Amino acid sequence: MQASETTPLSFSNSSSPYPSSISAEEESSSDGTNVGDSRHDKNEVSEEDILGRKLIACNDNEDLECLVIRRSLDISFHPPPGTATRRFPTLPGMAQFSMSRRTRKEDQSLFQKMIAMVSLALLGLLVIFVLLEVSSIVIGPPSEPIGPYKLVEVQVGEDFFNHYIFYNGLDSEGSKGYVSYVSKDQAFDLNIANVTWEDANPSIYYGNSTVTMEDTTTTKADNHSVKEPFVYMSTSPTDAGPRSSVRLEGLRRFNRGLFILDVRHMPAGCATWPAFWLTDEPNWPVNGEIDILEGVNLQTEAKTAMHTTKGCDMYDVPLGVKTGYWDTAVGVPKKNGDLDMTVREARDCFVYDPHQWLNQGCVAISDEEGTIGVPLNEKGGGVFVLEWDPINRFIKSWVFAPHSTVPDNLRRSIESANDKESINKVRPDPRTWGLPYAYFPIGVGTSCDANHFRNMHLIFNLALCGSVAGNRFFLDCPDLKKEYGTCENYVKANTPAMNEIYWKIRGVYVYEREWERSWVN
């Protein structure tokens, strides 16, 4: 059969992947008809036309041939709405051909997406930064304890002992004092802890100023006697030898503060080792120790000692920030048994520093004589102050003896501490007191991390002999050494000198800086 034109392709609904009808030319060829003559006819159908007609026939068809044609020519198929689409397996050759045509476009699209994502991330960081800056302006910096000092604890009179517990037992293994600390009930029964009301003498201690004792106020011009309370702590002999004594451990824990001690008499003389200090015994020396007032035998100069773990020293102390000087270490035994006769300043707070005495620590000494011990007692006592300020990166110490040398601001702070009207309280301002005798830089930018000192409480104790006063007994008290042989034998003898071994305290006042936001570092 010979046709003058090509019959359009039609596709059956059978499962065969090939067309069910062919062109008239192909059919005549199969019948043996000479097709070559018709190809030279002016109506000859070209291959491009055949392909176009096939594409038209493939408009809504999912057969394999149509799928191959569309994928080969990278033509998308959009079926009519509601028409189910069958998926055929992708032939390896087809996928490679299609991927090669799309790779460049996909790469460009992926690159653009990456650029967009990076831009969004940078924009987000910029927004966060702007919000933080705005919040710091609107809300302000975080609060820190940098404000003026506020009174947080007043330890005076009958209330004094309520701020402490009485340690009951032998002295620590490290101190080995020749005493036995007793309970509160025992201490009061033995009369080695008590509160006594005595006549005040404002002219001696406070000049012409007004003195406030709880609800009673007078001036030196008044003729009426005014009494004020004093806390006493001492020792008493025992048949066993070690004297009964008192050790108070504060109930409150501190991580900073201004600590003021108004003392009228301290234990002094050979064999004595009293102290007023801060520490955290269960975590010693990890949480540190600061000795505010400590006396040994006949010493007469106030000193502040700090004891820590390794990594805290005072070799970076600025010039012109203190009036005192450093303690020294010489004759320290070496590992081979020889003595190191090099004189070194005690600037390393590490308790096991090999070039200093065991547990010597970093020790600053007052440049003024007569600030502790017997000379202090002859002056009627004095005022000792420790300022522990990790935010401002320092620890400082002052001693003012006699009381007539107490700066006006500090004097009025002490006088008004018991005033029930808070408006009358005077805030201490150490900036007005002059240079301290001790200055220890701590915190950021120093050689001693502020975390070496934390969670500490106040301690009063009265030790005798022991690892310090006892070991120095032959050096500080050679005549008594010759007479009694040992420090312990001297204590057992219960000489009249034992009567001078007592604390007489007017009060302890603790302040802490108020929390504020600061715009200036």
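Fair warning: this is a prediction, and the values are worked out from it, not measured in the lab. (Residues numbered from 1 in each chain as written. Predicted model: local features only at pLDDT ≥ 70, side-chain atom pairs only at ≥ 80, totals over all residues. Heavy atoms only, no water.)

What about unusual backbone geometry?
Put simply, the test is: Strands are runs of DSSP state E lasting at least 2 residues, helices are runs of H or I lasting at least 4, and numbering of each runs from the N terminus.
A cis geometry characterises the amide bond from W284 onward to P285, with omega recorded as 0°. By the element assignment, P285 lies in the loop between β12 (272–279) and β13 (289–294). The omega torsion across A401 and P402 is 0°, close enough to zero to call that bond cis. Tracing the chain through its elements places P402 in the loop between β22 (394–400) and α8 (408–416). The backbone phi angle of R393 is positive, close to 65°, even though this residue is not glycine.

Some thoughts on the layout of surface pockets
Using the following cut-off: We place a 1 Å grid over just the protein atoms. Points where a 1.4 Å probe fits but has no way out form a cavity, open points with protein on both sides within 12 Å along at least 5 of 7 lines form a pocket, and any residue with an atom within 4 Å of a point lines it. Grid points are joined across faces, edges and corners, and a volume is the space filled by probe spheres set on the points. Polarity classes work like this: nonpolar for Ala, Val, Leu, Ile, Met, Phe, Trp, Tyr, Cys and Pro, charged for Asp, Glu, Lys and Arg, and polar for all others, with Gly in that last group.
Roughly 1,500 Å³ of volume is contained in the largest pocket. Contributing elements (two or more residues each) for the lining of the largest pocket: β12, β13, β14 (303–307), β16 (328–329), β20 (362–365), β24 (457–464), α9 (466–470) and α10 (473–476). Taken together, the residues of the lining of the largest pocket break down into 18 nonpolar, 13 polar and ten charged.

Observations regarding α8
Note the cut-off: Residue burial is assigned from relative accessible area. The probe radius is 1.4 Å, only protein chains are included, and a residue is buried under 20% of its type maximum, exposed over 50%, and partly exposed in between.
Where burial is concerned, most of α8 is hidden: seven out of the nine residues are buried. For α8, the full list of buried residues reads N409, L410, R411, S413, I414, E415 and S416.

Quick word on a nonpolar patch on the surface
Selection criterion: In this analysis, a patch consists of residues with relative accessible area above 30% that form no salt bridge, clustered at 9 Å for like charges and at 5 Å for the nonpolar side chains Val, Leu, Ile, Met, Phe, Trp and Tyr. Every accessible area reported is derived by Shrake-Rupley at a probe size of 1.4 Å, with residue values counting cover from the shown protein chains alone. Note on definitions: salt bridges are taken to be side-chain nitrogens of Lys or Arg within 4 Å of carboxyl oxygens of Asp or Glu.
A surface patch of nonpolar side chains, about 680 Å² in accessible area, is lined by L120, L123, L126, V127, F129, V130 and L131. Within the element layout of this structure, V130 appears in helix α4 (residues 92–138).

A closer look at the packing of aromatic side chains
Short version of the rule: Any Phe, Tyr or Trp ring, taking Trp's six-membered ring, that has another such ring centre within 6.5 Å forms a pair; planes under 30 degrees apart are called stacked, those over 60 apart edge-to-face, and the others tilted. By definition here, charges over rings are those cases where NZ of Lys or CZ of Arg is within 6 Å of the ring centre and within 35 degrees of the ring normal.
Across all of its chains, the model carries 18 aromatic pairs by this definition. A ring pair is formed by F160 and F460, whose centres lie 6.0 Å apart and whose planes are at 50°; its orientation type is tilted. Of this pair, F160 sits in the loop between β1 (143–155) and β2 (164–166) while F460 is found in strand β24, placing the two residues 300 residues apart along the sequence. Accessibility classification places F160 together with F460 in one group, the buried group. Both rings, one in F394 and one in Y439, keep their centres 6.0 Å apart while their planes meet at 35°; by these two values the pair is tilted. Placement of the pair is F394 in strand β22 and Y439 in strand β23 (residues 438–441), with a sequence separation of 45 residues. The same class applies to F394 and to Y439, which are both buried. Of the aromatic side chains, those joined through ring pairs into one cluster are F160, F161, Y164, F166, F188, F276, F460 and W503. Seen from the ring of Y167, R247 lies directly overhead, with NZ or CZ sitting 5.5 Å from the centre. Just above the ring of F230 sits the side chain of K504; from NZ or CZ to the centre is 4.5 Å.

Some details on the sheet that holds β13
For clarity, the cut-off: A pair of strands is treated as paired once DSSP finds two or more bridges between them.
Across the sheet, which stays open at both edges, the eight strands sit in the order β2-β10-β24-β12-β13-β14-β20-β15 with antiparallel pairing between neighbours. Strands at the two margins of the open sheet, each flanked by one partner only, are β2 and β15 (325–326). Of the strand pairs in this sheet, β12 and β24 are connected by eight bridges, and their pairing is antiparallel. Counterpart to W273 in the pairing with β24 is A463.

Section: the confidence of the model for the protein
Put simply, the rule reads: pLDDT expresses, on a scale from 0 to 100, how confident the predictor is about each individual residue. Note on definitions: a residue-residue contact is assigned when non-hydrogen atoms from the two residues lie within 4.5 Å.
For the protein, mean pLDDT is 83; residues scoring 70 or higher make up 74% of the total. This model gives residues 1–42 a pLDDT under 50, and the stretch forms 38 contacts once residues within four places in sequence are excluded. Confidence drops under a pLDDT of 50 for residues 207–223, and excluding neighbours within four residues, the segment shows 28 contacts in the predicted structure.

Regarding the side chain of R247
How we decide: Between N or O atoms, a polar contact is any pair within 3.5 Å; within protein, one atom must be a potential hydrogen donor and the other a potential acceptor, and residues adjacent in sequence are included only when both atoms are from side chains.
Locating R247 in the fold gives a position in strand β10 (residues 247–250). Only 3.1 Å separates the side chain of R247 from the side chain of E281, close enough to count as a polar contact. In contact with R247, other than residues within four places in its own chain, are I165, F166, Y167, D171, Y181, W277, E281, I459, F460 and N461.

What to know about the pattern of salt bridges
In this structure the tally under the stated criterion is 20 salt bridges. Between E387 and R513 there is a salt bridge, and its shortest N-O distance comes to 3.3 Å. Of this pair, E387 sits in strand β21 (residues 382–389) while R513 sits in strand β25 (residues 503–517), placing them 126 residues apart in sequence. When its relative accessible area of 17% is taken as the criterion, R513 is described as buried.

Regarding the state of the cysteines
Let me state the cut-off plainly: The disulfide definition used here is simple: a pair of cysteine sulfur atoms within 2.5 Å.
Inspection of the entire model under this criterion finds four disulfides. Between the sulfur atoms of C270 and its disulfide partner C477 the distance amounts to 2.0 Å. Judged by the torsion about the S-S bond (-105°), the C270/C477 disulfide is left-handed. Of the two residues, C270 sits in the loop between β11 (257–265) and β12 while C477 sits in the loop between α10 and α11 (478–484), which places them 207 residues apart along the sequence. Neither C270 nor C477 differs from the other in exposure class; each is buried. The disulfide that involves C312 links it to C448, with 2.0 Å between the sulfurs. The sign of the -90° torsion about the S-S bond sets the C312-C448 disulfide as left-handed. Placement of C312 in the loop between β14 and β15 and of C448 in the loop between β23 and β24 is noted, with a sequence separation of 136 residues between them. Both residues of the pair, C312 and C448, belong to the buried class.

Focus: the pairing of β24
Buried residues dominate β24, accounting for eight of its eight residues. Across the two faces of β24 the burial is the same, with H457, I459, N461 and A463 and L458, F460, L462 and L464 all buried. Here three bridges tie β10 to β24, and the two strands are oriented antiparallel to one another. When the sheet's bridge partners are listed, R247 is paired in β24 with N461.

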